[in-house]
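Residues per chain are reported as follows:
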Amino acid sequence: MGGSNSTGRRSGSVPRAMPPVEEVDISAVRYKSPALQAPHLTGFSLRAFVWLMESPLLGRLITSVLKSQNNMPQMLQQTVIPERPMYYPEFPLQDPEPEVVLVDEDRDPVERVHEALRCLPQYDPSVRWTTEENPPFLYWKIRDFAHAYSSGITTPSVVAEYVIAGIEEWNNKKPPMPMLIYFNAEDLKKQAEASTKRFQRGNPISILDGIFVAIKDDIDCFPYPTKGATTFFDQIHTVERDAVCVARLRKCGVIFIGKANMHELGLGVTGNNPNYGTARNPHSVDRYTGGSSSGPAALVSSGLCSIAIGTDGGGSVRIPSALCGIVGFKTTYGRTDMTGVLCDSGTVEVASPLTSSVDDAILVYSAIAGSRPMDKLTLRPSPLCVPNLLSPENSNILGSVKIGKYTEWFNDVSGHEISGTCDDALKLLCSAFGCQVEEITLPELEEMRTAHVVSIGSESFCDLNPHYKAGRKTEFTLDTRTSLALFGSFTATDYVASQSIRRRIMHYHMEAFKKVNVIATPTTGITAPKIPPSALKSGESDYVVSAYLMRFIIAGNLLGLPAITVPVGHDKQGLPIGLQLIGRPWGEASLLRVASAVEELCLKKRKRPSAFYDILKA
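Given the structure is predicted, the values throughout are model-derived calculations rather than measurements.

Basis of the calculations
- Residues numbered from 1 in each chain as written.
- Predicted model: local features only at pLDDT ≥ 70, side-chain atom pairs only at ≥ 80, totals over all residues.
- Heavy atoms only, no water.
- Core = buried A, V, L, I, M, F, W, Y, C linked by side-chain atoms within 4.5 Å.
- Buried < 20%, exposed > 50% of the residue type's maximum accessible area, 1.4 Å probe, protein only.
- Helix = DSSP H or I, 4+ residues; strand = E, 2+ residues; numbered from the N terminus.
- Salt bridge = Lys/Arg side-chain N within 4 Å of Asp/Glu carboxyl O.
- Polar contact = N/O pair within 3.5 Å; in protein donor to acceptor, adjacent residues only side chain to side chain.
- Axes fitted to C-alpha atoms, helices over the stretch in contact; angles between N-to-C directions.
- Parallel < 35°, antiparallel > 145°, perpendicular 65-115°, else oblique.
- Left-handed = near helix turned anticlockwise from the far one by under 90°.
- Contact = heavy atoms within 4.5 Å.

Can you lay out the nonpolar core for me, pointing to particular residues and giving the numbers?
Core analysis: the largest hydrophobic core is formed by 185 residues, its most contacted members being Leu-208, Phe-212, Leu-249, Ile-257 and Ile-309. At nine residues, the largest contribution of residues to this core is made by helix H20 (residues 492–515).

This is the structure:
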């Protein structure tokens, strides 16, 4: 019985089979623009949709239709994928990077920052402190604050008063534009006073002493509560100590201004938050900042702090940084210890800095980086390095850089201004240093997007499901509930298939990195989207806008690759455009070197936001 079917054939269709990844003919790959289908919902329609999604019978039907429309069952359940799963990024061993300085992650953060400081171009106060009405720069850098404090131009206590006034002004606008979820002016003054005294005694802790830093609300910063921008999470999550990345900054003498606003639990990329109000884009206050690190990006972009620390699991640092015209630097997965971050057990997320300049990103990176012991064993990170930007070889190294560009993907944006501006930045880089742009192809980008949403969705749902089941469901915002209803429909089969896809996508990228040093894309497929007034009260679900915002960022998360967004210009409406550079695993130093060159070349194309605070008034 059954002998006739012994070859495995059955009546009905034969499942699709992917060829083994090594046998894929990359020259035959054709780029296909994703045609994502999902309704755009706000207000009553969103409330009704959530009710349907959460109903036992109709919910299954709706999620099934949504997934079918977007080819998910075909990709994950009706396809034979020959590769074994990769449950977290596995990186091949990397060659050492040229002209870098080892900062040694086992050293004290203060020593590491000091080492990194010696690699930056010489600081010339006369260039930065001029009497010109329009100084030749947009933002004060960390070294400007340090110079102002040590030379007696101002004190951290004086600057703290400007910060407090700026935050209160944003909170009192109509409608309010809260960038912080938790803020304590007295605590801020106390920290600033301690820093002021250290400068008066002539013994600041480090170059970061007295620098104002915001911490995203999913990272523990004692004694502030961690809510993840929900209305209840602080009731079930007790903060007893700083997250490791926060503790490292605290050792350097920074001043924490509070817990920054975010998209609830990081489950969105616009920054919409009906719980605390939606952070606004300083370049155009009727537009989103991007998310989920919305508050951190708005604070740095508006000049209210030099640094913020966010988390990036689906572009959550790079997207808002690009939309707000600042630098967002996502490091290699496992490069930074995630202990004390709400999502510390995931396989796609990294705590990362948002800064107004690449110089500042280098200093902050050197302070917060350092893998946890288990990641050192499993991920085998390359030594922690920063680029030596003072090296006489710097220009030669930049000249030898090969930049990978997948042109059809690069150009798949909402308007030519985005791809054109990013292309212009690459041309400037090539003409200034002689580096080359090489055409590459990255197959299965649609599969990569699907594998990422299943990975981050399943990991998020696993974390939140106990609270969801314990009756907290109605305390989440409506768009979080929409996401959780979709994530809860993913099966074990979907998850395992996604991890097999992860291995395939890693192979394609590692093959590309045999030819090129970095991969360049626009950071987002659109500039900052408008905030629909109907979305402020009850939220918004717009997967099409989300897909445009996330079009280019997923490899950084699914594959754990380092990536940075650098501001390179603006569209006709004055909205910022970011260029993303993706690096080899553990190749942060090389990435920062190229990013620094791009930033310098595009400096004159940047504009200060309309909502800007000069907190270092001299």
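Summarise the pattern of salt bridges; cite the residues concerned and give the values.
All chains considered together, the criterion is met by 30 salt bridges. Where Arg-472 meets Glu-475, a salt bridge forms, and the shortest distance between an N and an O atom there is 3.1 Å. By relative accessible area, which is 29% here, Glu-475 ends up partly exposed. Through salt bridges with shared partners, a single network forms among Arg-107, Glu-111, Glu-115 and Arg-118.

Break down unusual backbone geometry for me, with residues and values.
Along the chain, Phe-222 connects to Pro-223 via a cis peptide bond; the corresponding omega equals 5°. Tracing the sequence through the fold places Pro-223 in the loop between strand E6 (212–216) and helix H9 (233–236). Put simply, Gly-291 and Ser-292 share a cis peptide bond, and its omega is 10°. Within the secondary structure, Ser-292 is located in the loop between strand E9 (284–288) and helix H11 (294–301).

So, the environment of Asp-25: which residues are in play, and what are the values?
Residue position: Asp-25 is located in the loop between strand E1 (16–17) and strand E2 (40–42). Asp-25 sits in the partly exposed class, given a relative accessible area of 46%. Of note is the side chain of Asp-25, whose polar atom sits 2.5 Å from the side chain of Ser-27.

Which residues make up the packing of helix H7 (residues 156–171) against helix H8 (residues 185–200), and what values go with them?
Running from amino to carboxyl end, H7 crosses H8 at an angle of 155°, the nearest separation of the two axes being 7 Å. For the element pair H7 / H8, the angle class is roughly antiparallel. Crossing of H7 against H8: the hand is right-handed. Across from Pro-156, Ser-157, Ala-160, Glu-161, Val-163 and Ile-164 in H7, the residues of H8 making contact are Ala-185, Leu-188, Lys-189, Ala-192, Glu-193, Ser-195, Thr-196 and Phe-199.

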